Structure formats: structure tokens, C-alpha cells
Number of protein chains: 2
Amino acid sequence: MSNKQIILHERPTDAIDPSLTSGTFRLRTVPRPDNVPADKVLVRVHYLSLDPAMRQWLSASRSYIAPVKIGAVMRGVSMSRVVAVGKDLASKFQVGDWVSAYTGWQEYAVLGKDDVEKIAIPVGGRPTDVLSVLGLTGLTAYFGMIEIGQPRPGDTVVVSGAAGATGMVAGQIAKIKGAKRVIGLAGTQDKCDFLVKELGFDVAINYKSPNWRKQLKAATPDYINVYFDNVGGEILDACLARAAPFSRFVMCGAISQYNTSKPKGPASYMNVISQRVTMKGFIVFDFAEKYAAAREELSSWLAQGKLARKDHILTGGLESAPKALVDLYAGANTGKMMVEVAPVNETEPRAKL
Amino acid sequence: MSNKQIILHERPTDAIDPSLTSGTFRLRTVPRPDNVPADKVLVRVHYLSLDPAMRQWLSASRSYIAPVKIGAVMRGVSMSRVVAVGKDLASKFQVGDWVSAYTGWQEYAVLGKDDVEKIAIPVGGRPTDVLSVLGLTGLTAYFGMIEIGQPRPGDTVVVSGAAGATGMVAGQIAKIKGAKRVIGLAGTQDKCDFLVKELGFDVAINYKSPNWRKQLKAATPDYINVYFDNVGGEILDACLARAAPFSRFVMCGAISQYNTSKPKGPASYMNVISQRVTMKGFIVFDFAEKYAAAREELSSWLAQGKLARKDHILTGGLESAPKALVDLYAGANTGKMMVEVAPVNETEPRAKL
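The shown structure was predicted, so the numbers you read here are calculated from the model rather than taken from an experiment.

Caption draft 1: Looking closely at the sheet that holds strand E9 (residues 181–186) of chain B. Taken in spatial order, the 12 strands make up an open sheet running E10(A)-E9(A)-E8(A)-E11(A)-E12(A)-E13(A)-E13(B)-E12(B)-E11(B)-E8(B)-E9(B)-E10(B), and their pairing is mixed. Each edge of the open sheet is held by one strand with a lone partner, namely strand E10 (203–206) of chain A together with strand E10 (203–206) of chain B. Within the sheet, the average angular offset between the axes of one strand and its neighbour, ignoring direction, is 15°. One ladder, built from four bridges, connects strand E8 (residues 156–159) of chain A with strand E9 (residues 181–186) of chain A; its direction is parallel. Considered in E9 of chain A, the bridge of Val158 of chain A is made with Ile183 of chain A. Across the face of the sheet, helix H5 (residues 212–219) of chain B comes into contact with strand E8 (156–159), E9 and E10 of chain B while running at roughly 165° to E10 of chain B.

Caption draft 2: Spatial organisation of the UniProt feature "domain: Enoyl reductase (ER)" (unreviewed entry) in chain A. Here, the residues flagged by UniProt with the feature "domain: Enoyl reductase (ER)" (unreviewed entry) are residues 23–339 of chain A. As a span, residues 23–339 of chain A carries 26% helix and 25% strand, and end to end its C-alpha atoms are 19 Å apart.

Caption draft 3: Spatial organisation of the nonpolar core. Judged by nonpolar contacts, the single largest core of 102 residues is most densely connected at Leu50, Trp105 and Phe249 of chain A together with Phe25, Leu50, Trp105 and Phe249 of chain B. Filtering out sequence-adjacent residues up to four positions away, Phe249 of chain B remains in contact with Ile148, Tyr227, Leu236, Cys239, Leu240, Ala243, Val277, Thr278, Met279 and Lys280 of chain B.

Caption draft 4: Focus on the packing of aromatic side chains. All names here are of chain A. For the structure shown, the criterion picks out 16 aromatic pairs over all chains. Ring geometry for Phe25 and Trp105: centres 5.1 Å apart, planes at 45°, overall tilted. Within this pair, whereas Phe25 is found in strand E2 (residues 25–31), its partner Trp105 is found in the loop between strand E5 (98–101) and strand E6 (108–112), the two being separated by 80 residues in sequence. With respect to burial, Phe25 and Trp105 carry one shared label: buried. In textbook terms, an aromatic cluster arises when at least three aromatic residues are bridged by ring pairs, as seen for Tyr142, Phe143, Phe282, Phe287, Tyr291 and Trp301.

Caption draft 5: Layout of the relation of the copies chain A and chain B. Mapping chain A onto chain B leaves a residual RMSD of 0.0 Å; the transformation is a rotation of 180° accompanied by 0.0 Å of translation along its axis. Taken together, the rotation angle and the small translation identify this as a two-fold axis. Across chain A, the rotation axis passes nearest the C-alpha of Gly265 of chain A, at a separation of 2.0 Å. When the interface residues of chain A are mapped onto chain B, 100% of them are again interface residues, pointing to one common binding face.

Caption draft 6: The interface of chain A and chain B, seen in detail. Contacts between chain A and chain B engage 38 residues on the former and 39 residues on the latter. Summed over both partners, the interface of chain A with chain B comes to about 3,000 Å²; 57% of that surface belongs to carbon and sulfur atoms. Per-residue buried area on chain A facing chain B is highest for Arg62, Tyr269 and Ile273 of chain A; these three make up 26% of the total on that side. Taken together, the links from chain A to chain B amount to 14 residue pairs in polar contact (both at pLDDT 80 or more). For the side of chain A that touches chain B, a count of residues per class yields 21 nonpolar, 11 polar and six charged. Where strand E13 (residues 278–281) of chain A meets strand E13 (residues 278–281) of chain B, three bridges bridge the pair, whose relative direction is antiparallel. Bridge assignment links Lys280 of chain A to a residue of E13 of chain B, and that residue is Thr278 of chain B.

Caption draft 7: Structural view of helix H3 (residues 165–176) of chain A. All names here are of chain A. For H3, spanning 12 residues, the distance from its first C-alpha to its last is 17 Å, which sits close to the expected 16 Å at 1.5 Å a residue. Among the 12 residues that make up H3, 10 are buried, leaving the element largely enclosed by the rest of the structure. Backbone geometry just downstream of H3 places Gly178 in the positive-phi region, at approximately 95°.

Caption draft 8: Looking closely at the domain arrangement of chain A. All names here are of chain A. Domain assignment breaks chain A into domain 1 (2–132 + 310–340) and domain 2 (136–285). The C-alpha-based centres of domain 1 and domain 2 are spaced at 29 Å. Of the residues lining the interface, 23 residues belong to domain 1; the matching set on domain 2 comes to 16 residues. Summed over both sides, the interface of domain 1 with domain 2 buries roughly 1,600 Å², with 58% coming from carbon and sulfur. Viewed at the interface, domain 2 and domain 1 are joined by six residue pairs in polar contact (both at pLDDT 80 or more). For the side of domain 1 that touches domain 2, the class distribution of residues is 11 nonpolar, seven polar and five charged.

Caption draft 9: A look at the environment of Asn211 of chain B. Within the secondary structure layout, Asn211 of chain B lies in the loop between E10 and H5. Here Gln215 of chain B takes part through its side chain, which lies 2.8 Å from a polar atom of the side chain of Asn211 of chain B.

Caption draft 10: Inspection of the pattern of salt bridges at higher detail. Residue and element names in this part refer to chain A. All chains considered together, the criterion is met by 32 salt bridges over all chains. One salt bridge connects Lys290 with Glu147, and the closest N-O pair in it is separated by 2.9 Å. Placement of the pair is Lys290 in the loop between E13 and helix H8 (291–303) and Glu147 in helix H2 (residues 136–149), with a sequence separation of 143 residues. We classify Glu147 as partly exposed; its relative accessible area is 30%. Of the charged contacts in the structure, one is a salt bridge between Arg213 and Glu234, with a shortest N-O distance of 3.0 Å.

The rules behind these values
Throughout, residues of each chain are indexed from 1 in the direction in which the sequence is written. Going through the entries in the order they are written, you letter the chains from A and number the ligands from 1. Two thresholds apply to this predicted model, a pLDDT of at least 70 for residue-level local features and 80 or more for giving and counting side-chain atom pairs, whereas whole-chain, interface and lining totals are computed over all residues. With hydrogens and water set aside, each side-chain value is computed from the structure's full complement of heavy atoms. Here the rule is simple: two strands pair whenever DSSP picks up at least two bridges between them. Put simply, DSSP marks the helices as runs of H or I at least four residues long and the strands as runs of E at least two long, and each gets a number from the N terminus on. To get an axis, fit a line to the C-alpha atoms, keeping to the stretch in contact for a helix; angles then go from 0 to 180 degrees between the N-to-C directions. Contacts: residue pairs with any heavy atoms within 4.5 Å of one another. UniProt positions are given in the numbering used here, feature names are shortened, and annotations may be inferred rather than shown by experiment. Nonpolar cores are built from buried Ala, Val, Leu, Ile, Met, Phe, Trp, Tyr and Cys residues. Side-chain atoms within 4.5 Å join them into one set. Any residue under 20% of the maximum accessible area for its type is buried, any over 50% is exposed, and the rest in between are partly exposed; the area is computed with a 1.4 Å probe on protein chains only. Note on aromatic pairs: the rings of Phe, Tyr and Trp (six-membered ring only in Trp) are paired at centre separations within 6.5 Å, and the planes decide the class, stacked below 30 degrees, edge-to-face beyond 60, tilted for the rest. In superposing the copies, a least-squares fit is computed on C-alpha atoms, taking residues whose pLDDT is at least 70 in both. The quantity reported as buried area is the accessible area (1.4 Å probe) lost by two parts once they are put together, taken as the sum for both. Whenever a nitrogen or oxygen atom comes within 3.5 Å of another N or O atom, the pair is scored as a polar contact, on the condition that within protein one atom can donate a hydrogen and the other can accept it, and that pairs from neighbouring residues in sequence are kept only if both atoms are in side chains. Residue classes follow a fixed rule: Ala, Val, Leu, Ile, Met, Phe, Trp, Tyr, Cys and Pro count as nonpolar, while Asp, Glu, Lys and Arg count as charged, and any other residue, Gly among them, counts as polar. A helix's residues, less one, multiplied by 1.5 Å, set its expected span. Where each domain begins and ends follows an automated or database-derived domain assignment. Put simply, a salt bridge is a Lys or Arg side-chain nitrogen that is within 4 Å of an Asp or Glu carboxyl oxygen.

Rendered as C-alpha cells:
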């Protein structure tokens, strides 16, 4: 049996080229590792999470995590199921268990017990929720909004990339926490309609409309108390220009800047001084010891119908991952971008032990 | 008797023009207000404080304080002495008392009791200290470094505008608080020598030398834990590129950007995310309730010789204030820039009451 993998072929300088024959990545087929060591499990990947941070993992510059090596399987988290259990782990895992793990972009992976997290899918939940609203993107929204943004009743909150996996959760949490006015920025009219009609945002602005800056100004008569930034660039700049005194700028992502070798700083940054803004960057991993409590609260909001989810799942198999990543940067998704490598209920040939 | 005043004539779009006949300001002579109302004091201005923030007070854009009006006396704090006391204030003030007040750029001012702060010059101190190391610039350094920068033993601390009034105090406070390595950036070799030889900075870098970025990199092998920014622009960008994980960026000023209508944002701002930087802006006025305690600590450091002071006093009288301001932005000063409007011991004709 075989295992398809997508490996990094060359570091992009600007945009990612999704072609598997001439682009950033290559497809490779290796044997499926069926002789599972005693202290490992073999898992089959069902859903890959596609995340804006991936572009930075491809870059050799200093970051919070080492870059993916040339020739290595592309890094990524997935929801996978256990296919075979090494004998020392028989008390911990069963065939069929759902696990979340950094399997990377491949069909199968052999992992130690510390590299997989066994997941009980919440009642009413789906395996894919564990990659989206209850996964790293939902947790990113949760910690960014609650720990850094700290929205208070009466606040005006702006979220960019609002129809993305993190943005949509961030905006909904601001509403749950009593913000007076939550404004989302997104790149199509459909996304804007979705934010207002389905997620309860007060205002949504299409940043591709020529007068979006004017609309942002009109929508923030009391200026901006919390800005949750997923995009950077011009939108960050416009929000800094509208920063309220003592506002909090949650620096989560900069998707508009990842694919350029010459990022642009926000010219209005001097408002950080005059308006006493706190701009604070964070990485969700910093809050790992609080994941369980956060997931519990997110699950309860989901169960109570306070938090709506939306996923964008490509079904073309592993090979569609590079294109999904390019689509993500182009804003093709509403909600969490995932790739279905294998459907949930696909029968799995039993591995030899 | 007369009172010379310098008034704002027109808002500069870029640089300030110091000419009093064709530039940003005009000289006006009005009668000295000798009939002091019962609830006021008449003060004579001795020393004017020149501060980088002044450029923003001239601009009509939104800030933490209203802009100076066209035709109004230029705003500014001074050390002044009481010349005449209204009869209701006779128990509070005596002729000859030193006061600190926003007199603006003029020779005399009539002020209510809440608009003047009576100052006891500390033993061993000078009246000018109250505008520099014990004044708003010293307090700015104090609160910015202690409340936001929070240098810890072992930290690498970088200060820009390090030979300016705020920067030199900020760097010294970092040393007092146990920072391992304090690096100052300044614009001449003389200033750099002064920082290292007289103030105890570990390294000083002349940012006008062509390889200053390389020098900064070499001086920060463990990256930067605290950056105290007085200048913005390229230096802020270079320091962001060297930010250590969880570093604090004290956003105090942006003197390199004040005189341009097109400020430049820091392209390396994405490190705010990956390195979890906290960039926090502040205005010294926010800490007003803590001034007394801070002045006491600064005075004790001064008395113990832990804190060195350096002033740059122009003696050309009131008329030299516009030029002093332009010099300030050009970096002509080492230490606190002031204008002597009248020497300390000049005899004062007694005012009529």
C-alpha cells in the first residue's frame, strides 16, 4: 500500500505556485508504513487544515517556528483516525479513534503518543469542528479577542478577514461579550451578507469597494476600541487612523502581506502614540495550557446556538492542498478552509501489526 | 511695559520655517498685563522647554490634545517666577516663587492658581532640572521605561534619540533597573561618545553611519527585549526586525516622522505577531497622579549620582524659540533643549497691583 505526500520543492519569494509539476510543491508516493513500532500509532488523514500562517512556514526568515525544510512533507494539522496501534499503546488508543495531529500533507503518518491528541467529538459536533471553530483557528479567535482585545459593553470592535475561519469566530465572540457594534471587513458582497445575516455582525464592509475607507469611517463614529487584525496592510492602516484612545489592536495575522517580499508598514502607526494604542501580537500556542477550558466554552456556545460555524471544504483529495492554499490567500473561502483527503466514513483496510 | 509673544501664523505642512517674518510664527509685542486680577498671578518666563511633541500641536489632525490655534501664543511649558500676586492668592504665592506652567512662548503670563505649579527646587538641583530630568521629559522616560518597558536583569534595551532629553534618562533608568546591555542610537559621534563615557550606555551607534543596521545587529546578539522609541521610521523598523520574543516596544515619539506629510510605517511590523511584541503608546499626562512619587525617585537618583543630567540651553531670548525648535528636529542638541528668555537672577521691576 502506498502513501501520497506533498513535499516542499522550493521556497516561494512572492506568491505560491500551486502546480505540482513546476511549482512550490511536488507530489511523492512512498510505501505506507505498515509495520507500526510498539510506541507509535499509524493514522489516516481525513481533513487537512489550511491556514494563513503556512506562507510564513515556507519562508526562511526568523519566525516563531522553524521553516519547513526543502524536501520535507508540508507541515499542517489534520483530523485523522487511528488505523493501527503499536502494542505498548493498546490501552490508550483504539482503531477508529479520532485524533488531531501535525501529520502534514500526506495520507498516512506514524506518530508517537505525544504527537497525537485524542479527540472526543462533542455531541452535535463534527470532526471538522476540531479544525475550525474548536480548533486552532477558533482558539486563536478566542484568546486574541478575550485576552488581548478585551471587548467591553459599549465598545466598537472591527475584525478584518471577518469571513475567514478566525475572523468569523472573533467577531461573534465580541458580540457574545457585549460589544455595542461589531464591524467586519471582507472581500465580496456575499461574504458581507453572510456576516450580517447569518453571524449577527452589525456592519460588514467590502474592502474591494472603492469607498471602503469612507464606509469604515461612517461605521465607526465613536472610533475603534478593539481591532482584530488578520490582514495587515491598508486595512490595518485605516483602522489605526480610526483608533480610539486606549484601544487594543490584536495582531493576529497579515494575510495581505504574506505573499510579498516587500511588506508595507502602516503609515498611521503614529496614532499608537497619540491614542495610546496597545498593539499586541500573539500566537495561539502561547495559550496551550488554557486550550481545554477555551474549547469547553466554545463548545457550549456552539451547543447553545450563540456561535455559528461555517466551513469551506475542498473534496479533491490531497492533491488539491496547494490550490486550496492559494485560494485561501485569494480569499476564495467563506469560513474555515479544509481539504478532505478521505471522507469520514471511508472504510479503511486494516493494517498489519 | 511690554510683553513679547510668539504666535502661530500658519500650520506647516512639512518642516517648520523659523523665520519670524515669513515663516510659521510671528513675533508680537503687547502691553505687559500689570493689573493682576485678585485670583491670578503674573509670572515672568525664564526658561522655555522645547519638545518634539510641539510639531504635532501645530497640526490640525486628531491627537491627544487640541492643536494650537492660528494667531494664538505658541503652547509650551516653562519655568517662570512670580512677579505679582493677586490679593486672594497672597497666602499661596510670594513674589520670587518658581513655578512651572504652560505659559506658552511669551515673556509674561497671567495665570490662575490651578494653571501654575509651585516648585521647590530640590537641594543641589537647578530651576532648569524641573523642565528636564525632573520635568515632563524625565517623567516621560520614567513612566515609559518603568511602566511599559519593564526592563529586567539580563535584558537588552535599545533607546533611540538617546542623546535627547527623554532618551538619555530612559537609557539610564534601564541601567539602574539592571538591564544587561543598554544601546543608544544617536546622530553624531560626539553624542555617541557622551552616551558611553558620561552616561554609562554599553554601546552607542551613530545612525548616520552607513552600516548602522549591521552595528545594531552585532550589538544585539540576544535580540531586543525593550525598545524605547523616540524617532520612528527606519530605526523603529530595524529594531522590530531584531525584536526578541515577548519584547516590549515603548512607543514614545517619532521625531523622524513629525515633519513629513507622508509618514512611513515600519515594514517589519509583522514581527509584532511572530515575536509576540507588545507595542504600547503613551502620553506622560496619563500618569499625572504618579508624578510626585516619580519626581522623588528621579531626584534621589540625581542626588546619589546614579542619574546624570545634560541640558542644551539657547540664550538668545524669546526670539530664538522657533530656531530652537527647528534645531531640535535636526538633532542639534545633546540633552534637554531649552531657551533662556531671562536669566535666573535678572532683576525684575516690581509690578503694580
